[in-house]
Structures are given as structure tokens and as C-alpha cells.
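Each chain, letter by letter, is given below.
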Amino acid sequence: MPDVELDVRSIIPDSTAATTRQALGRLGIASILDVHRVQRWRMSFEGGDAYELAARLERVDVLVNANKHRATTRILDGMPGEHRPPRSSRPRSAARSVWVAVESRGDSRASTTLSVLRDRLGFERLTGCTLTEMWRLDVASDSLSDAQGIGRRAMEALLVNPQFQKGYLLDD
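Note that this is a predicted model, so its numbers are computed, not measured.

Caption draft 1: Main features of helix α1 (residues 15-26). Taking 1.5 Å of rise per residue, 12 residues should cover 16 Å, and α1 covers 16 Å from first to last C-alpha, within 8% of that figure. Among the residues of α1, A17, T20 and L24 are the ones counted as buried. One side of α1 holds all its buried residues, which, seen down the axis, span an arc of 55°. In α1, the exposed positions that point more than 90 degrees away from the buried face belong to S15 and R26. Where the residues of α1 are buried, they touch β2 (32-45), β5 (126-139) and α4 (144-159). At the N-terminal boundary of α1, the capping side chain belongs to D14, with an oxygen 3.0 Å from the backbone nitrogen of T16. Immediately beyond the C-terminal end of α1, within one or two residues, lies G28, with a positive phi of roughly 90°.

Given below as C-alpha cells:
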């Protein structure tokens, strides 16, 4: 069965992203002009229509608060481990975007969300749920390789805790 991927982004100022940009600047990575965050939920299910499930998931307040979030869905037939950057607006003209995906091993948010969706909200066909934090770093650089190097530094300095997380630099 295909999986449903749900990208959830904030339409109000994201204080976590703003704090992350400030912290990266204080850690000596001052060339990051802006930081944006997207939560990517990937749902596995058995039986039923993937498009119907995707439409239902977009309306679940546990995942998408209509007052502060926008969501986009995608139906995936691909391998579970592949990562792609979310569809997003372009950065400022003087910046290059670098996407970082962060996965937490044994993430309790994903297992708790799966339990709530299945047991309390009627999504009984769901069989799995993962959460990936997607960070878009807008870097003041003309060079893609320089921007990716800064993205790697940001992963090592702040975005990824190697004790329980894996980070990936994504191709845009």
C-alpha cells in the first residue's frame, strides 16, 4: 500500500524557528539569514483509498490546527527511507536554501499520535506513523557547496543530537 505524507507548516511566526536562527548565530553560524520548520508526518495504512485518507488527515486538529497551520499531502509509493524537501516558497534573493531532515529514533510523538489517531479518532486502518522535522536554512551564499557546508555545521552544532537523532542534508 502507498503511504500518505503530510507536511505541516506554520502560517504564524514560528518561535522555535526564530530561536533556532538566533542560537545558530550565537554559535558562530551568522550567515544563516532565516530558518523555517516543517513537520513531516508519514502514515502507513492497510486498505481503503489513499486520497480519502489524505483528505481526512488534513482536517485532524491533532496534526493540523486550521488557525495556525497549512498542510500539503502526497501519496507515496517509494521506499520508506527516502527524503525530499517540502514544496516551499523561495528564500530571499541573496540566499540559498539548504534543507535538513531530522529523525528521532523511538520518537514518542509519532507513537502517541498513531495511538490517538487509531484509538480515539477513528483511523483504525493506520499501521505506522513517523515524524521528521524538516528545517530550511536560508544561507547568505552564492555557492551551493558553501551553503551545504553551513547546513552541515548547523546540523552538528544544534539541529541534530547524535545520541538519538539522525540528520540528512537534502538536495533541493
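Having seen the structure, we can now continue with the description.
Caption draft 2: Seen up close, the side chain of S141. Note on placement: S141 falls in the loop between β5 and α4. At 3.0 Å, the side chain of S141 and the backbone oxygen of S143 are in polar contact. Among residues more than four places away in sequence, those in contact with S141 are A94, A95, R96, D146 and A147.

Caption draft 3: Main features of empty space enclosed by the protein. Tallied over the entire structure, the rule returns one cavity of 30 Å³ or more. Computed from the structure, the largest cavity encloses a volume of approximately 50 Å³. Of all the elements in the fold, those that place two or more residues in the lining of the largest cavity are β1 (3-10) and β3 (69-76). Broken down by class, the residue content of the lining of the largest cavity amounts to one nonpolar, two polar and four charged.

Rules used throughout
- Residues numbered from 1 in each chain as written.
- Predicted model: local features only at pLDDT ≥ 70, side-chain atom pairs only at ≥ 80, totals over all residues.
- Heavy atoms only, no water.
- Helix = DSSP H or I, 4+ residues; strand = E, 2+ residues; numbered from the N terminus.
- Expected span 1.5 Å × (residues − 1).
- Buried < 20%, exposed > 50% of the residue type's maximum accessible area, 1.4 Å probe, protein only.
- Arc of directions from axis to C-beta.
- Contact = heavy atoms within 4.5 Å.
- Polar contact = N/O pair within 3.5 Å; in protein donor to acceptor, adjacent residues only side chain to side chain.
- 1 Å grid on protein atoms, 1.4 Å probe; cavity = no way out; pocket = protein on both sides within 12 Å on 5 of 7 lines; lining within 4 Å.
- Points joined across faces, edges and corners; volume = space filled by probe spheres on them.
- Nonpolar A, V, L, I, M, F, W, Y, C, P; charged D, E, K, R; others polar.

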